Amino acid sequence: MSQFVLRRLFWLVPTLLAISLITFLVMHATPGSPLQPTAANANPLPPAAQENLMRQYGLHRPLHEQYVIFVWKAARLDFGTSYVYRTRQVTDILKSTFPVSLHLGAMAMAFAVFVGVPLGIMAAVRRNGFIDYVASFVAVLGVSFPNFVIAIFLIVTVVLLLPNVIGFHIIPRTGGWTGPVDWILPTIALGLQPLGILARYTRSAMIEVLNQDFIRTAQAKGLAHHRVVIGHALKNGLIPPLTIAGPMFAAIATGSFFVEAVFRVPGMGRFFVESMLSRDYPMIMAVILLYGVFLAVMNIFVDVLYGVVDPRIRLS
Amino acid sequence: MGVLRNRRADPASAATGAPAKEARADALLHATRPHRTLWRDAFSRLIANRLALFGMLVIIAIVLMAIFAPLIAPYDYRDQHLGSTFQSPSSEWWLGTDNVGRDMFSRMIYGARVSMLVGLGAQLIILAIALPIGAVAGYAGGKVDNLLMRFVDVMYAFPQLLFVILIMAMLGRGLQNIFIAIGITGWVILARVVRAEFLSLREKDYVVSAHAAGAGPWRIVTKHILPNALTPIIVTITFGVPLAIFTEAALSFVGVGIAPPMPSWGGMVGDNQQYINSYWFLSLFPALAIALVMMSFTFFGDGLRDALDPRSGRR
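Owing to the predicted nature of the structure, the values given are computational and were not obtained by experimental measurement. (Residues numbered from 1 in each chain as written. Chains lettered and ligands numbered in written order. Predicted model: local features only at pLDDT ≥ 70, side-chain atom pairs only at ≥ 80, totals over all residues. Heavy atoms only, no water.)

Peer 1: Where do I start with the overall build of chain B in this structure?
Peer 2: On a plain count of helices and strands, chain B comes out with 14 helices and zero strands. Helices and strands appear in chain B in the N-to-C order α-α-α-α-α-α-α-α-α-α-α-α-α-α. By the burial criterion, 46% of the 315 residues in chain B qualify as buried. Within chain B, counting contacts between residues at least 6 apart in sequence, those at least 24 apart form 69% of the total. Split by element, the accessible area of chain B, about 16,100 Å² in all, is 63% carbon and sulfur. (Helix = DSSP H or I, 4+ residues; strand = E, 2+ residues; numbered from the N terminus. Buried < 20%, exposed > 50% of the residue type's maximum accessible area, 1.4 Å probe, protein only. Contact = heavy atoms within 4.5 Å. Areas by Shrake-Rupley, 256 points an atom, 1.4 Å probe, with all protein chains shown as cover.)

Quick look at the structure:
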């Protein structure tokens, strides 16, 4: 087991190198320069000032040298100063904003797991019943509606229209990240898609398990229905949903940008587009690598969990 | 059942012997239902699925709307009516007007063009990239396959949406660049599907015997393997359409997608969400349109998968 984890962590290094190299190439192969102001109608910098900036950023070196220097520094978690926020280190900016995104992501994931999985189980147990229809409705909603669309729906219905109907505000405001009131809607908007996918997967996996012989045996022994479901079916039925938890976390992580934008959550999501549009090279690299590491670690975690839940699977 | 009982009840015909039996078998042979191709069969199954039919009709309606946009739209999508900005929906402005007085209804109709073009067009590009790569990797195997799979691993480790945004931010806005960005990132899924199909089909007896009969690799791939791999390819492409529509909407939403003044539903949501507290309908209607289109393609894709391969999906 620990050997497996170590080997996977070792593989992380070439993967991250490949990701950073691709990003580096895309950044430098496309037209445009970080030395020009991005504001519309701004005066271009004089050549002497550009020259100075280039030296300051180290952009005057040949590309391969720049890349080696980047890797050398990044290995020690030094991504340099942001080109946009010139007084702040990239790592400092991410240190203050990443926890907010992680908080939102964790809540959305918890919402998806603790609502989606039970929903799928109940849908499978009472097939074609009311809950089954609710579950498939939520699944369709989650799978086909982008999260920023859901966010808009939530704001319009819950914040703007509902108070006129019921006469008081359940959620009085949007924007900010100060208390639980601000957390509710972003969490739902971000979590609904994974919730739908989870419910769908859980349902079909549970139905498959419930049709198997050992379930019939358990029922024949005279076990109560809920004990058959919880004690026998659940263990096997939860394996398929577990396998998609890794990619799902990635969807939550990258999707958080849109939700953060709509609800004005002060997470790191806003640096996605901002840094890319202004060609803030150090910031782009740091953001993409952070998500790459996050994604890879989640996948390793899920694989380990997979082996724990299902002893038949040998980690190799 | 009825046939058996009749036979037993009528000993006379059984006694007449062989000629009658032969005639009966002949009649049965010719009484079989008319020959139906796989596609006809799948189509009738698809039509029988109500959700899939709903999806298909919505898609057809929106495609027609996109084609005939200039005839349907009451105004041009660029026309700014500065005297009547932020109008609520009324008989004159069906869906209201935006911050510079552009008719939302007209912009929504033109917005369908972008969504449909990206959704369907991107699939052609993805197909053109993924089919050859997946086919070579699956059919040739060995080193080529290994190389491809390593590359696919890296692409999977890349947060995909982030990569698309990066490419768009670097290349700049515009329809052509959206095709490039979606093409570069989107082919991986289809290439994997094609590879897996080719890998398993090349071991089949009929392929081996075609090979033994002297058929060249081109003939084997085009005549024997590809027709049998069509179903998963079609299904993957169908599910790729809403994904591409989503990607375009998301890109335009954050401002790196379609270049203005061309309207895109995602862009309209993104531009108008700052006014949501006062003029919520401005962002709600395009959001509804995105949701409706993606839902229709999901229903249609589900139905198509069940229709083409009746064994899957029926649980």
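Moving on from the model shown.
Peer 1: Please clarify how the side chain of Asn272 of chain B should be interpreted in this entry.
Peer 2: Residues and elements named next belong to chain B. With respect to the element layout, Asn272 can be found in helix 13 (residues 265-272). Judged by relative accessible area, which is 3%, Asn272 ranks as buried. Beyond its immediate sequence surroundings of up to four residues, Asn272 is in contact with Asp98, Met104, Leu282 and Ser283.

Peer 1: Please clarify how the interface of chain B and chain A should be interpreted in this entry.
Peer 2: Interface size is often expressed as the accessible area that is lost when the parts come together. The interface of chain B with chain A comprises 37 residues on the first partner and 43 residues on the second. A combined buried area of about 3,700 Å² lies between chain B and chain A, and 83% of that area is made up of carbon and sulfur atoms. Viewed at the interface, chain A and chain B are joined by one salt bridge. Between Arg200 of chain A and Asp302 of chain B there is a salt bridge, with its nearest N and O atoms 3.1 Å apart. Linking chain B with chain A are two residue pairs in polar contact (both at pLDDT 80 or more). Looking at the side of chain B that touches chain A, the element that brings in the most residues is helix 14 (residues 280-308) of chain B, giving twelve residues. When grouped by side-chain class, the residues that make up the side of chain B that touches chain A number 30 nonpolar, five polar and two charged. (Buried area = accessible area lost by both parts, 1.4 Å probe. Salt bridge = Lys/Arg side-chain N within 4 Å of Asp/Glu carboxyl O. Polar contact = N/O pair within 3.5 Å; in protein donor to acceptor, adjacent residues only side chain to side chain. Nonpolar A, V, L, I, M, F, W, Y, C, P; charged D, E, K, R; others polar.)

Peer 1: What should I look at first to understand the packing of aromatic side chains in this one?
Peer 2: The way to describe two aromatic rings as a pair is by their centre distance and the angle between their planes. All names here are of chain A. The full count for this structure, using the stated rule, is 21 aromatic pairs over all chains. Between the aromatic rings of Phe70 and Phe79, the centroid separation amounts to 6.1 Å while the plane-to-plane angle is 50 degrees, which identifies the pairing as tilted. For the pair Phe70 and Phe79, one class covers both residues: buried. The interplanar angle of 75 degrees and the centroid separation of 5.3 Å between the aromatic rings of Phe257 and Phe258 together place this pair among those described as edge-to-face. Each of the two residues, Phe257 as well as Phe258, counts as buried. (Phe/Tyr/Trp six-rings, centres within 6.5 Å; stacked < 30°, edge-to-face > 60°.)

Peer 1: Sorry if this is basic, but what is going on with the nonpolar core here?
Peer 2: Nonpolar side chains in soluble globular proteins generally cluster together in the buried interior. Counting residues in hydrophobic clusters, the biggest one holds 184 residues, and the most contacted among them are Phe148, Phe263 and Val287 of chain A together with Leu166 and Trp265 of chain B. Those residues in contact with Phe148 of chain A that sit more than four places away from it in its chain are Phe258 and Val262 of chain A together with Phe246, Ala249, Ala250, Phe253, Val269 and Ile290 of chain B. (Core = buried A, V, L, I, M, F, W, Y, C linked by side-chain atoms within 4.5 Å.)

Peer 1: For this particular structure, what's the right way to read a nonpolar patch on the surface?
Peer 2: All names here are of chain B. Taken together, the side chains of Leu57, Ile60, Leu64, Ile67, Phe68, Leu71 and Ile72 present a nonpolar region at the surface, about 690 Å² in accessible area. For the nonpolar patch, the secondary-structure elements that each account for two or more residues are helix 5 (50-67) and helix 6 (69-72). With respect to the element layout, Phe68 can be found in the loop between helix 5 and helix 6. Residue class for Phe68 comes out partly exposed when judged on its relative accessible area of 41%. (Patch = residues over 30% accessible without salt bridge, like charges linked within 9 Å, V, L, I, M, F, W, Y side chains within 5 Å.)

Peer 1: Would you explain the environment of Val181 of chain A in this entry?
Peer 2: Residues and elements named next belong to chain A. Tracing the chain through its elements places Val181 in helix 7 (residues 180-210). For the pair Val181 and Ile171, spaced ten residues apart in the sequence, the C-alpha separation amounts to 6.4 Å. Excluding residues that lie within four positions of it along the chain, Val181 makes contacts with Ile171, Pro172 and Arg173.

Peer 1: I would appreciate a short explanation of the confidence of the model for chain B in the present structure.
Peer 2: Keep in mind that low pLDDT regions are not for reading the predicted coordinates in detail. All names here are of chain B. Confidence in the prediction for chain B averages 83 pLDDT; 89% of positions are at 70 or higher. Here helix 1 (residues 2-9) stands out as the element of chain B with the lowest mean pLDDT, 42, in contrast to helix 5, whose mean of 92 is the highest. Here residues 1-15 is a poorly scored stretch, pLDDT under 50, and it has two contacts once near neighbours within four places are set aside; other chains count. Two summary scores accompany this predicted model of the complex, namely pTM at 0.83 and ipTM at 0.82. (pLDDT = per-residue confidence, 0-100.)

Peer 1: Can you help me understand the side chain of Ser20 of chain A in this one?
Peer 2: Residue and element names in this part refer to chain A. Relative to the assigned elements, Ser20 resides in helix 1 (residues 2-29). Exposure remark for Ser20: the relative accessible area of 3% places this residue in the buried category. A polar contact of 2.9 Å, which involves the side chain of Ser20, links it to the backbone oxygen of Leu17. With near-sequence residues (within four places) excluded, Ser20 lies in contact with Tyr67, Phe70, Met285 and Leu289.

Peer 1: I tried to follow the pattern of salt bridges on my own but got confused; where do I start?
Peer 2: If the charged atoms of two oppositely charged side chains come close together, the side chains can form a pair. Residue and element names in this part refer to chain A. For the structure on display, the rule yields eleven salt bridges over all chains. Where Asp132 meets Arg203, a salt bridge forms, and the shortest distance between an N and an O atom there is 2.8 Å. In this pair, Asp132 sits in helix 5 (residues 130-144) while Arg203 sits in helix 7, placing the two residues 71 residues apart along the sequence. Its relative accessible area of 4% is what places Asp132 among the buried residues. Classification of Arg203 as partly exposed rests on a relative accessible area of 23%. For Asp213, the salt bridge goes to Arg216, with nearest N and O atoms at 3.6 Å. Here Arg216 and Asp213 lie together in helix 8 (residues 213-220), a separation of three residues that amounts to about one turn.

Peer 1: Sorry if this is basic, but what is going on with the environment of Gly121 of chain B here?
Peer 2: Residue and element names in this part refer to chain B. Structurally, Gly121 can be placed in helix 7 (residues 104-140). Judged by its relative accessible area of 18%, Gly121 is buried. Residues Gly121 and Phe179 lie 58 residues apart in sequence; the distance between their C-alpha atoms is 7.7 Å. Not counting residues up to four positions away in its chain, the partners in contact with Gly121 are Met116 and Phe179.

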